[in-house]
Amino acid sequence: MIDETIAEIREMQTHSSSVVAVKATQSLSELLDREHATAEEFERDLERNVSALKRANPSHASLFNAMETVLVNVVGRKDTVKEAKDLLEEVSARVVEDVRHGKSRAAANAAPTFEDGETILTHDYSSTVLEAIEKAVDSGVDLTAYVTEARPRYLGRKIARQLATVEGVEPHLLVDGAVGSFLPECDRVVIGMDCIVEETLYNRVGTHPIVTTATHLGVPVTVVGSAAKVVDDGFVFENEYRPPAEVSLEPIENVHIENPAYDATPMELVDQLITDNGVKEL
């Protein structure tokens with residue numbers, strides 16, 4: 001099960017990091033059925049497999065945090081194999097619960113920060129931002145939302161379509177390069193995150209120029225996401241470079257096509273961070 005999960009995770013480059021973290025954590029249940037002579041032997045087996053799972057998709061902070069949480073709370077805690085396995089089962093269930101519901105709790109914390117009549121700008125597609133907007137509108141708030149198309153993969157169109165079905169939201173779709181023309185009309189930028197590592201926000205490419213422009217214009221920036229995506233140290237983000245065909249369907253002679261999936265934004269440009277742990281003014 002673990003070997004199959006490792007192979008599957010390697011192919012899940014575009015999946016939500018929470019999906020990857022849950023799948024990896026659940027796969028550790030295979031260790032419960034293995035024979036181990038001592039608790040130390042079991043813990044070594046756990047450490048080997050956790051390390052392999054982390055290496056399978058090193059760009060996902062939620063996976064890294066989930067695996068580290070399992071290790072810290074299991075290794076060296078119990079004296080017998082049975083006790084250690086019972087603890088792994090308990091910790092794994094708690095980690096899966098936290099990962100699965102962290103985004104919804106973050107959205108619930110973000111919803112009250114929206115004000116009636118507010119105009120926001122959001123980038124790409126964030127299920128957490130979408131849920132926060134839906135919760136805010138359910139409470140009686142009306143919003144205008146500018147949504148960037150998020151080239152080259154156009155995922156912004158997805159959230160624009162969904163916002164068009166939400167009564168109380170007036171959505172506008174624009175190309176990424178047009179944000180400078182519309183940010184002056186916005187009260188706030190509200191975006192999701194892939195992860196935050198040592199005071200750097202990694203998110204869908206295009207985030208950095210949007211946040212930099214917003215900062216220049218004095219428009220506050222709010223980042224919303226699960227605390228499982230915030231890593232203090234020990235994690236090195238690895239960018240993903242996607243197929244050139246997403247930028248140009250036809251090859252261009254003597255031209256190298258660059259297509260990074262994410263960019264890096266200093267957190268010093270962000271005004272507010274909202275996670276399942278609460279609202280933090282920066």
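Here, every reference points to the structure presented above.
Residues numbered from 1 in each chain as written. Predicted model: local features only at pLDDT ≥ 70, side-chain atom pairs only at ≥ 80, totals over all residues. Heavy atoms only, no water.

A. View of the sheet that holds strand S5 (residues 195-197). Spatial ordering of the open sheet is given by S8-S5-S6-S9, a layout of four strands whose pairing is mixed. Each having just a single partner strand, strand S8 (230-231) and strand S9 (262-266) make up the two edges of the open sheet. Where strand S6 (residues 200-204) meets S9, five bridges bridge the pair, whose relative direction is antiparallel. Note that in S9 the partner of arginine 204 across the bridge is tyrosine 262. Sheet contacts for helix H9 (residues 207-217): S6 and S9; angle to S9, the most-contacted strand, approximately 30°. (Pairing = 2+ DSSP bridges. Helix = DSSP H or I, 4+ residues; strand = E, 2+ residues; numbered from the N terminus. Contact = heavy atoms within 4.5 Å. Axes fitted to C-alpha atoms, helices over the stretch in contact; angles between N-to-C directions.)

B. Structural detail: the packing of helix H1 (residues 2-10) against helix H2 (residues 17-27). Their axes nearest at 9 Å, the elements H1 and H2 cross at an angle of 165°. As summarised for this structure, H1 and H2 are arranged roughly antiparallel, according to the angle between their axes. At the point where H1 passes H2, the crossing takes the left-handed sense. Note on element contacts: H2 touches H1 through Val20, Lys23, Ala24 and Ser27, opposite Ile2, Thr5, Glu8 and Ile9. Considering only residue class, the contact of H1 with H2 consists of four nonpolar, two polar and two charged. (Parallel < 35°, antiparallel > 145°, perpendicular 65-115°, else oblique. Left-handed = near helix turned anticlockwise from the far one by under 90°. Nonpolar A, V, L, I, M, F, W, Y, C, P; charged D, E, K, R; others polar.)

C. Quick peek at the packing of aromatic side chains. Taken as a whole and judged by the stated rule, the model has four aromatic pairs. Summarising the aromatic geometry, the rings of phenylalanine 64 and phenylalanine 235 are spaced 5.4 Å apart at their centres and angled 55° between planes, so their arrangement reads as tilted. Here phenylalanine 64 is found in helix H4 (residues 61-74), whereas its partner phenylalanine 235 is found in the loop between S8 and S9, with 171 residues between them in sequence. Here phenylalanine 64 matches phenylalanine 235 in class, with each residue buried. Ring geometry for tyrosine 146 against phenylalanine 182: centres 5.4 Å apart, planes inclined by 35°, an arrangement best described as tilted. Of this pair, tyrosine 146 sits in strand S2 (residues 143-148) while phenylalanine 182 sits in helix H8 (residues 179-182), and the two are 36 residues apart along the sequence. When its relative accessible area of 8% is taken as the criterion, tyrosine 146 is described as buried. (Phe/Tyr/Trp six-rings, centres within 6.5 Å; stacked < 30°, edge-to-face > 60°. Buried < 20%, exposed > 50% of the residue type's maximum accessible area, 1.4 Å probe, protein only.)

D. Seen up close, H2. Among the 11 residues that make up H2, eight are buried, leaving the element largely enclosed by the rest of the structure. By the burial criterion, the buried members of H2 are Ser17, Ser18, Val20, Ala21, Val22, Ala24, Thr25 and Ser27. The secondary structure elements touched by the buried residues of H2 are H1, helix H3 (39-56), H4 and helix H5 (81-110).

E. Layout of the pairing of S2. With six of six residues buried, S2 lies mostly within the body of the structure. Sheet topology note: the strand S1 (residues 118-122)/S2 ladder contains five bridges and is parallel. Across the sheet, the residue bridging to glutamate 118 is leucine 143, located in S2. Taken together, S1, helix H6 (residues 127-138) and S2 constitute a β-α-β crossover, and its handedness is right-handed. For S2 and strand S3 (residues 169-174), the ladder comprises six bridges, and the chain directions are parallel. Counterpart to threonine 144 in the pairing with S3 is glutamate 170. Considered for its hand, the β-α-β crossover made up of S2, helix H7 (residues 156-163) and S3 is right-handed. (Right-handed = clockwise from strand over helix to strand, strands pointing away.)

Taken by themselves, the reported measurements are silent on function.
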